[in-house]
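Secondary and tertiary structure notes
So you can see what is in the structure, the chains are spelled out below.
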Amino acid sequence: MVAVVRSSSEDVTVTHHASQRRAYLTLVLISLFCMMPFFWVVLAAFDPKASQFLQIPQGVTLDHFKNIFANESGMRWVLNSVVIVGSATILTLIFAGFGGYALSRTQAWWKRPLLYGIILVRIVPPPALIVPVYKVMLFLNDWINGLINQFTADVEQQQMLSRMFSFIDGYLGLILIHCAMQLPLAIWIMKTFFDAIPKDYEEAAALDGASQWQTVRHVLIPLALPGFAAAGLFAFINAWGDFLMPLMFTSSPELQTLPLGMFRAFLRVDAIDYGFLTALAVIYTLPAVIAFAFARKFLTQTFSGGVKG
Amino acid sequence: MSHIELIDIKKNYLGTEVVKGISVTIDQGEFAVIVGPSGCGKSTLLRMIAGLEDISSGELRIGGKVMNHVSPDQREIAMVFQSYALYPHMTVGENIGFALALKKVDKAEIKRRVMEAAQMLELEHLLERKPAALSGGQRQRVAIGRAIVKRPKVILFDEPLSNLDAKLRVQMRTELMRLHREFGSTVVYVTHDQVEAMTMAQKIIVLHNGYVSQLGKPMQLYREPENTFVAQFIGVPKMNLLRGKLQGSSFYLQSGQVIDIGNGFTSGNDLQLGIRPEHLKLHATSAQGGWTVDVVERLGVESFVHLHNATMEQLVVRVEGDCELAADTQVNLQFDAASCYLFNDKGQRLLRKPAIEQAAG
Ligand SMILES: Nc1ncnc2c1ncn2[C@@H]1O[C@H](COP(=O)(O)OP(=O)(O)O)[C@@H](O)[C@H]1O
Ligand SMILES: [Mg+2]
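Just so we're clear, the structure is a prediction, and the values are computed from it rather than from any experiment.

1. Comments concerning the overall build of chain B
- Within chain B one finds nine helices and 21 strands.
- The C-alpha extent of chain B, read off along each of the three principal axes, is 80 × 45 × 40 Å.
- A burial count over chain B gives 52% of its 361 residues as buried.
- Look at the contacts in chain B between residues 6 or more apart in sequence, and 65% of them connect residues 24 or more apart.
- Just so you have it, chain B exposes about 16,500 Å², and 49% of that area is on carbon and sulfur atoms.

This is the structure:
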């Protein structure tokens, strides 16, 4: 009797294993299929004879990368992207920190309407925003360029300042527009995060004699670090991947960002250089991966044990 | 001087009055316990003393100085939060020393004072740890350390022991009393647990619905409760209350039972007889005793017998040692006449006339 029971239960585990193995096999196949283009990009980027087919490279070369930086304005694109997206991320975090904190702590009646209003910006598809935003930016652009022209009569200086501070075809404009696009989600993340930080910490700090700034600096920011990491990561990766805004708001080649550079290289009809394009794709991917690795350290850093027994 | 004076303190939250006019003086170096059921305004009152909450009206003085609009850190007070609120990203040592570091106290001096506090609380070996790596009791100690390192004149506690298990709670009670003796600060301690109040307090302030229901020394509240709320709040199990009318020295229950409560009270209707479980004596009888056993809680050293009578009035009797009465047993009760309290229908205590007056009248 006992033996019968045991053998039947073994049967069950055996079939269980078999079906599990089949499931895993299917999953592996699907993931291989999905990752194929990615393999191709990485392999082709280092392949001296890169083609549009997935192939094991004959040798390894860095020529494609050298080509990007030496013959094309690759360095310029990377720097533009890093500076613009980096500044936008930092700006987003500053605003989201203050905004998220305020929205978390206030009890005012406009709290909910405002929160939903903010997220509405995120729901509207970006292309639908282009026309009104462009209009506003154009207006600001005229104003700032008027200021610049008053400030200096030297044409070279004017150009330089204009490149920096213009709202259209200038760094400031791109940074602000990225920041504005990423801010809603970041504010929501920070607001939710601050909701989870008990007011007790701030009150304890107040009793310890901390000023407002000291409370922010020594208590709130350290406690909110995981939130900042999450919000910053999302902001960075979204802005880094954004193609539409740089396309709309820049025209001069000096301001070209990585996705734009890549796009224009791809459009060149004469001959498609797969090695060049894939190397560019690798460079384009790298910062996002680095950003993630950097944020991960903080993301997983959960603070426990401050309150309750 | 660091006595605390509350003069007609009130607190409104958006029109609802939570603290409704409290006037209390807490002497320098006193261990005062504010006790009351949950939601009665204890935390609100404490937070007003701390300066974390505005005072709607009334005056708060600490050491004779009006403190209504003085910022929390200028009041020379420290507070231990119910949640402890230890900064999780700082070590134990940094947590304790944070207030001093903010004041730009010399590094060596901070170290010395943190060490001193840590020694008092037996935390020396934990100074490098983060709060997450501490047990509940250790966190509690760190929270206290963070308070005493500032050498405050007043320390406020908001239900500091409610997150600890029962055994640790008993241990921390004695430890807090020891610290208070060593430290000599004025202590205002908030709790909903009357046992903590009775064991630790030099002065108990019983809060009820935003009012002070009674204040005094622990045994004073136990012996001379001014109303049914205090009578039932102080002491476990709570005081028994029975409705009925008084004629001479005979108290008539609704069931028709008659209890002799002694002389001195004025006769009347709609009264409440109060008697503590420890002042009742129980006699098992074979005859109809008028009281039926519901449940017996046997704790070994004492037993609590729950009874009811014909009109379903409930009573609890404390019996020394074990008690093996079965449910539904009929028993007789003996009321200790001298330990009977009388309250009117509003719950105010009625006093006996002194014996001389009794003789004269
Ligand atoms: N910030 C607030 N806004 C509105 N009502 C509050 C606020 N804080 C406390 N209360 C109310 O005040 C009353 C007393 O609260 P509290 O002092 O925390 O009670 P206790 O500490 O005695 O349990 C409660 O009814 C509570 O709902
Ligand atoms: Mg409370």
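Read on, since the account is not over.
2. Topic: helix α7 (residues 171-195) of chain A
- Taking 1.5 Å as the rise per residue, α7(A) with 25 residues should run 36 Å; its terminal C-alpha atoms sit 34 Å apart, in good agreement.
- Along α7(A), the helix axis deviates most sharply at A:L183, where the bend reaches about 45 degrees; the proline A:P184 sits within four residues downstream.

3. Topic: the layout of surface pockets
- In this structure, the largest pocket encloses a volume near 1,200 Å³.
- If you go around the largest pocket, you meet 40 residues; those closest to its centre are A:G97, A:F194, A:L220, A:I221 and A:F228.
- Among the elements that take part in the lining of the largest pocket, helix α9 (residues 212-241) of chain A stands out by supplying eleven residues, more than any other.
- Broken down by class, the residue content of the lining of the largest pocket amounts to 27 nonpolar, seven polar and six charged.
- Looking at the second largest pocket, its volume works out to about 520 Å³.
- Around the second largest pocket, the lining comprises 18 residues; the ones closest to its centre are B:G93, B:E94, B:G97, B:A101 and B:I110.
- The set of elements that each furnish at least two residues to the lining of the second largest pocket consists of α9 of chain A together with α2 (92-102) and α3 (107-120) of chain B.
- By residue number, the principal contributor to the lining of the second largest pocket is α2(B), which donates six residues.
- Of the residues belonging to the lining of the second largest pocket, the class tally is eight nonpolar, five polar and five charged.

4. Some details on the interface of chain A and chain B
- The partner chain B presents 27 residues to the 22 residues of chain A that form the contact.
- For the pair chain A and chain B, the interface holds two salt bridges.
- Between B:R47 and A:E203 there is a salt bridge, and its shortest N-O distance comes to 2.8 Å.
- There are seven residue pairs in polar contact (both at pLDDT 80 or more) connecting chain A and chain B.
- At the level of elements, α8 (200-207) and α9 of chain A are the ones that each hand at least two residues to the side of chain A that touches chain B.
- Element by element, the count of residues in the side of chain A that touches chain B is highest for α8(A), at seven residues.

5. Some words on the pattern of salt bridges
- Using the criterion set out here, one finds 22 salt bridges over all chains in the structure.
- Taking the shortest distance from any N to any O, the salt bridge between A:K199 and A:E203 comes out at 3.9 Å.
- Under the relative-accessibility criterion, A:K199 is labelled partly exposed at 48%.
- For B:R298, the salt bridge goes to B:D322, with nearest N and O atoms at 2.9 Å. Taken together, the residues span a long stretch of sequence, with B:R298 in strand β16 (residues 291-298) and B:D322 in the loop between β18 (314-320) and β19 (330-335) at a distance of 24 residues.
- Looking at B:R298, the relative accessible area reads 48%, which means it is partly exposed.
- Each member of the salt-bridge network shares a partner with another, and the members are B:E109, B:R112, B:R113, B:E116 and B:R151.

6. A word on the domain arrangement of chain B
All names here are of chain B.
- Domain boundaries assigned for chain B yield domain 1 (4-232) and domain 2 (239-360).
- Of note, the centres of domain 1 and domain 2, computed from C-alpha atoms alone, are 39 Å apart.
- Contacts between the two partners involve ten residues from domain 1 and, on the opposite side, eleven residues from domain 2.
- In this assembly, domain 1 packs against domain 2 so that about 900 Å² is buried in total across both faces, 44% of it on carbon and sulfur atoms.
- Between the two partners, domain 1 and domain 2, sit one salt bridge.
- Counting every contact that joins domain 1 to domain 2 gives seven residue pairs in polar contact (both at pLDDT 80 or more).
- Those elements that provide at least two residues to the side of domain 1 that touches domain 2 are α7 (218-223) and α8 (228-233).
- Partitioned by chemical class, the residues of the side of domain 1 that touches domain 2 number four nonpolar, three polar and three charged.

7. Observations regarding the side chain of A:T61
Residues and elements named next belong to chain A.
- Counting through the fold element by element, T61 comes out in the loop between α1 (2-45) and α2 (63-70).
- Reaching out from T61, the side chain makes a polar contact with the backbone nitrogen of D63 at a distance of 2.9 Å.
- Apart from residues lying up to four places away in sequence, T61 is in contact with A45, F46, D47 and P48.

8. Looking at the side chain of B:E313
Residue and element names in this part refer to chain B.
- Looking at where E313 falls in the secondary structure, it is placed in the loop between β17 (302-308) and β18.
- The side chain of E313 is buried and forms no salt bridge, while R243, the nearest opposite charge, is found at 7.2 Å.
- With sequence-adjacent residues up to four places away left out, E313 is seen in contact with L242, R243, L253, Q254, S255, W291, L307 and H308.

9. Considerations on the confidence of the model for chain A
- Averaged over every residue, the pLDDT of chain A is 87; residues scoring 70 or more account for 92%.
- Within the model, pLDDT remains below 50 along residues 1-7 of chain A, and this stretch shows zero contacts once partners closer than five positions in the same chain are excluded.

10. A look at the confidence of the model for chain B
- With 97% of its residues at a pLDDT of at least 70, chain B reaches an overall mean of 92.
- Reported confidences for the modelled complex are a pTM of 0.83 and an ipTM of 0.84.

11. What about the packing of aromatic side chains?
- Summed over all chains, the structure comprises 14 aromatic pairs over all chains.
- Taking 5.5 Å as the distance between ring centres and 20 degrees as the angle between the ring planes, the aromatic pair formed by B:F229 and B:F233 counts as stacked. A residue pair is termed a helical-turn pair when its members lie 3 or 4 positions apart in one helix, as B:F229 and B:F233 do in helix α8 at four residues. Pair check on accessibility: B:F229 and B:F233 agree, each one buried.
- An aromatic cluster is present here, built from A:F236, A:W240 and A:Y284 joined pairwise through their rings.
- The ring of B:Y87 carries B:R146 above its face, with NZ or CZ at 4.8 Å from the centroid.
- Between the NZ or CZ atom of B:R276 and the centre of the ring of B:Y222, over which it lies, the distance is 4.2 Å.

12. Looking at the site of ligand 1
All names here are of chain B.
- Taken together, the neighbourhood of ligand 1 is formed by Y13, V18, S38, G39, C40, G41, K42, S43 and T44.
- In this structure, G41 approaches ligand 1 through a main-chain N or O atom, which is 3.1 Å from an oxygen atom.
- Within the side chain of T44, an N or O atom sits 2.5 Å from an oxygen atom of ligand 1.
- Burial of ligand 1 by the surrounding chains reaches 55%, relative to a free accessible area of 560 Å².

How each quantity is defined
- Residues numbered from 1 in each chain as written.
- Chains lettered and ligands numbered in written order.
- Predicted model: local features only at pLDDT ≥ 70, side-chain atom pairs only at ≥ 80, totals over all residues.
- Heavy atoms only, no water.
- Helix = DSSP H or I, 4+ residues; strand = E, 2+ residues; numbered from the N terminus.
- Buried < 20%, exposed > 50% of the residue type's maximum accessible area, 1.4 Å probe, protein only.
- Contact = heavy atoms within 4.5 Å.
- Areas by Shrake-Rupley, 256 points an atom, 1.4 Å probe, with all protein chains shown as cover.
- Expected span 1.5 Å × (residues − 1).
- Bend = angle between axes of the 7 residues up to and from the residue.
- 1 Å grid on protein atoms, 1.4 Å probe; cavity = no way out; pocket = protein on both sides within 12 Å on 5 of 7 lines; lining within 4 Å.
- Points joined across faces, edges and corners; volume = space filled by probe spheres on them.
- Nonpolar A, V, L, I, M, F, W, Y, C, P; charged D, E, K, R; others polar.
- Salt bridge = Lys/Arg side-chain N within 4 Å of Asp/Glu carboxyl O.
- Polar contact = N/O pair within 3.5 Å; in protein donor to acceptor, adjacent residues only side chain to side chain.
- Domains from an automatic or database assignment.
- Buried area = accessible area lost by both parts, 1.4 Å probe.
- Lys, Arg positive; Asp, Glu negative; His and termini not counted.
- pLDDT = per-residue confidence, 0-100.
- Phe/Tyr/Trp six-rings, centres within 6.5 Å; stacked < 30°, edge-to-face > 60°.
- Lys NZ or Arg CZ within 6 Å of the ring centre and 35° of its normal.
- Near = heavy atom within 4 Å.

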